[in-house]
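# Structural features, examined
What follows is each chain in one-letter form.
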Amino acid sequence: MARQRSPRSRNDPARQSAFETGILPLLGISDDTASSAMSFSSLPSDQEIVRLFEVFRQRAHPFHVITYDLDHIESRACALVTSGRVTASECPEDPRWLYLLHAILATGAQFSELSFHKRLALSQQHTKHAFDLLRCTDYLAKPTKEAIQTLLLLGNVLQNDMKPQAAWVLGGTTIRLAQCLGIHKKPDRLVPALIPPEEAKYLR
């Protein structure tokens, strides 16, 4: 017997929004015709980077220790702030580092004291840039520890943004990428680990 599809499931704005903002980026599809390379130079002002990073450190990180090397990330953020701005074609930054930074800023925006609409817009902006940069690195075929941390942060962002469907899909993808890196396994002396055991322990 064929399953009857509910008209509501086809016309539900919440489902459509979750699909467009959470699932399409995972498939490498975007309704934005601009090049993903623009995200290399999409960081906000230096003051905003410092402010949102500090909000993340104080209000989000203590309760969700996803970025276990936060001090190192902060040192890179400070170096980025003091180095000046570059164009997208000249940006020397590693996209793996930048998409993690965008995920941190998206989280910081959600926990900031800005008005609701500003928090929402700023968080969604950084979420989009993080997904754009993830696609640039072909993260599904070449997962990294930075990608795992980024996806975990973005999953929380989507959940807080009332997009549980997108967060659920993203969570499943994150688990499979972590398995590809062998994070779920105990260290084996005979098989070289893709991620150092100490770092894998924190990512579990």
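Residues numbered from 1 in each chain as written. Predicted model: local features only at pLDDT ≥ 70, side-chain atom pairs only at ≥ 80, totals over all residues. Heavy atoms only, no water.

This part is about the overall build of the protein chain. Across its full length, the protein chain carries nine helices and zero strands. Helices and strands in the protein chain line up, N terminus first, as α-α-α-α-α-α-α-α-α. Long-range contacts, defined here as pairs at least 24 residues apart, represent 72% of the contacts in the protein chain between residues at least 6 apart. For the protein chain, the exposed area adds up to about 12,000 Å²; of that, 57% sits on carbon and sulfur atoms. (Helix = DSSP H or I, 4+ residues; strand = E, 2+ residues; numbered from the N terminus. Contact = heavy atoms within 4.5 Å. Areas by Shrake-Rupley, 256 points an atom, 1.4 Å probe, with all protein chains shown as cover.)

Next up on the list: the pattern of salt bridges. One pass over the structure, following the stated rule, counts seven salt bridges. Between Arg135 and Asp132 there is a salt bridge; the shortest N-O distance is 2.5 Å. Taken together, the residues span about one helical turn, with Arg135 and Asp132 both in helix 6 (residues 116–136) at a distance of three residues. Two residues, Asp161 and Lys163, come together in a salt bridge whose shortest N-O distance is 2.7 Å. (Salt bridge = Lys/Arg side-chain N within 4 Å of Asp/Glu carboxyl O.)

This paragraph deals with helix 6. Residues lying three or four places apart along an α-helix face the same way, a consequence of the helix completing one turn every 3.6 residues. Look at helix 6: 30 Å from first C-alpha to last across 21 residues, which is about the 30 Å you get at 1.5 Å a residue. Of the positions making up helix 6, those classed as buried are Leu122, Ser123, His126, Thr127, His129, Ala130, Phe131, Asp132, Leu133 and Leu134. (Expected span 1.5 Å × (residues − 1). Buried < 20%, exposed > 50% of the residue type's maximum accessible area, 1.4 Å probe, protein only.)

With that settled, consider the nonpolar core. Judged by nonpolar contacts, the single largest core of 40 residues is most densely connected at Leu101, Ile104 and Leu134. If you list the elements that add at least two residues to this core, you get helix 3 (46–60), helix 4 (70–83), helix 5 (95–110), helix 6, helix 7 (145–160) and helix 8 (164–180). Tallying contributions element by element places helix 5 first for this core, with nine residues. Non-local contacts of Leu134, meaning those with residues more than four positions away in its chain, are made with Tyr99, Tyr139, Ala147, Thr150, Leu151 and Leu154. (Core = buried A, V, L, I, M, F, W, Y, C linked by side-chain atoms within 4.5 Å.)

With that out of the way, let us pick up the environment of Glu48. Of note, Glu48 is situated in helix 3. For Glu48, a relative accessible area of 18% puts it in the buried group. Sequence-distant contacts of Glu48, defined by excluding residues within four places in its chain, comprise Leu122 and His126.

In regions of low pLDDT, the predicted coordinates are not meant to be interpreted in detail. The predicted model of the protein chain averages 77 in pLDDT, with 66% of residues at 70 or higher. Scored below 50 in pLDDT, residues 1–10 makes two contacts in the model with residues more than four places away or belonging to other chains. In the predicted structure, residues 31–36 sits below a pLDDT of 50 and forms four contacts with residues beyond four places in sequence or in another chain. (pLDDT = per-residue confidence, 0-100.)

What follows concerns helix 7. Taking 1.5 Å of rise per residue, 16 residues should cover 22 Å, and helix 7 covers 23 Å from first to last C-alpha, within 8% of that figure. By the burial criterion, the buried members of helix 7 are Glu146, Ala147, Ile148, Gln149, Thr150, Leu151, Leu153, Leu154, Gly155, Val157 and Leu158. Among the residues trailing helix 7, Met162 stands out with phi positive, at a value near 60 degrees.

This part covers the packing of helix 7 against helix 8. One way to put it is that helix 7 packs onto helix 8 with a least axis distance of 8 Å and a crossing angle of 165 degrees. Taken as axis vectors, helix 7 and helix 8 run roughly antiparallel relative to one another. In this structure, the crossing between helix 7 and helix 8 has a hand that is left-handed. Residue-level inspection shows Ile148, Leu151, Leu152, Leu154, Gly155, Leu158 and Gln159 of helix 7 in contact with helix 8, the latter providing Pro164, Ala166, Ala167, Leu170, Thr174, Leu177 and Ala178. Considered class by class, the residues forming the contact of helix 7 with helix 8 number eleven nonpolar, three polar and no charged. (Axes fitted to C-alpha atoms, helices over the stretch in contact; angles between N-to-C directions. Parallel < 35°, antiparallel > 145°, perpendicular 65-115°, else oblique. Left-handed = near helix turned anticlockwise from the far one by under 90°. Nonpolar A, V, L, I, M, F, W, Y, C, P; charged D, E, K, R; others polar.)

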